[in-house]
Amino acid sequence: MVQLIMGLKGSGKTKRLVEMVATAVREESGSVVCIEKDKKLTYDIPYQARLIYACDYAYAMGSYDFFKGFLSGLHAGNYDITRVFIDGLYKIIGGKDAAKAEEFLTALDAFSSKHSVNFTVSLSEEPESATEDMKRFL
């Protein structure tokens, strides 16, 4: 399953995501991972979740293909991962491209089905601007 959280800056996306991470840590039997661009959520995310800073991998994080490989590598290293939260996909990738984001979300959905990993992704964008294919993840 892929869940998409969309809204403009200041609309509460990150706060909602942090609450979802805390709930997942309490309720999930597997590992929980949260990926953010910078080190802003260090004290907000429960220590039981694995917090990954994309800025530590900035030399290569600027493409969707790399990010898909990165997520596959995370799973290959820990088959117990059941939830992955991605805060600010456009910020992590370094640009807004709805068509590529749509392809990425579709790839995550296929990965989710195959490996039983649920993804929650936030995007700084109006929900009305979501493509038709993206709307199925809202």
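Look up: the structure comes first, before these words.
Residues numbered from 1 in each chain as written. Predicted model: local features only at pLDDT ≥ 70, side-chain atom pairs only at ≥ 80, totals over all residues. Heavy atoms only, no water.

**Notes on the packing of aromatic side chains**
Geometry of an aromatic ring pair is reported as the spacing of the ring centres plus the angle between the planes. For the record, the criterion: Ring pairs shown here join Phe, Tyr and Trp side chains whose ring centres sit within 6.5 Å, with only the six-membered ring taken for Trp; geometry is labelled stacked below 30 degrees between planes, edge-to-face above 60, and tilted in between. Every helix listed is a DSSP run of H or I at least four residues long, and every strand listed is a run of E at least two residues long, numbered separately from the N terminus.
Scanning the model with the defined rule gives six aromatic pairs in all. Taken together, a centroid distance of 5.1 Å and an interplanar angle of 55 degrees make the contact between Tyr 57 and Phe 70 tilted. With Tyr 57 in the loop between strand S3 (50-53) and helix H2 (64-77) and Phe 70 in helix H2, the pair connects residues that are 13 residues apart, well separated along the chain. Aromatic pair Tyr 64 and Phe 104: ring centres 5.3 Å apart, planes at 50 degrees, arrangement tilted. With Tyr 64 in helix H2 and Phe 104 in helix H4 (residues 98-115), the pair connects residues that are 40 residues apart, well separated along the chain.

**Examining the environment of Arg 83**
Selection rule: Per-residue accessibility, obtained with a 1.4 Å probe over protein chains only, is compared with the maximum for each type, and a residue is labelled buried under 20%, exposed over 50%, and partly exposed between these values. It only takes one pair of heavy atoms within 4.5 Å for two residues to be counted as in contact. As used in this structure description, the phrase polar contact means that two N or O atoms lie within 3.5 Å; if the pair is within protein, one of them must be able to donate a hydrogen and the other to accept it, and residues adjacent in sequence are counted only when both atoms belong to side chains.
Secondary-structure assignment places Arg 83 in strand S4 (residues 81-87). Classification of Arg 83 by relative accessible area gives buried; the value is 12%. A C-alpha to C-alpha distance of 7.7 Å links Arg 83 and Gly 30, two positions 53 residues apart in sequence. When near neighbours in sequence (up to four residues on either side) are disregarded, Arg 83 contacts Met 20, Ala 24, Glu 28, Ser 31, Val 32, Val 33, Val 117, Asn 118 and Thr 120. Among the polar contacts made by the side chain of Arg 83, one reaches the side chain of Thr 120 at a distance of 3.1 Å.

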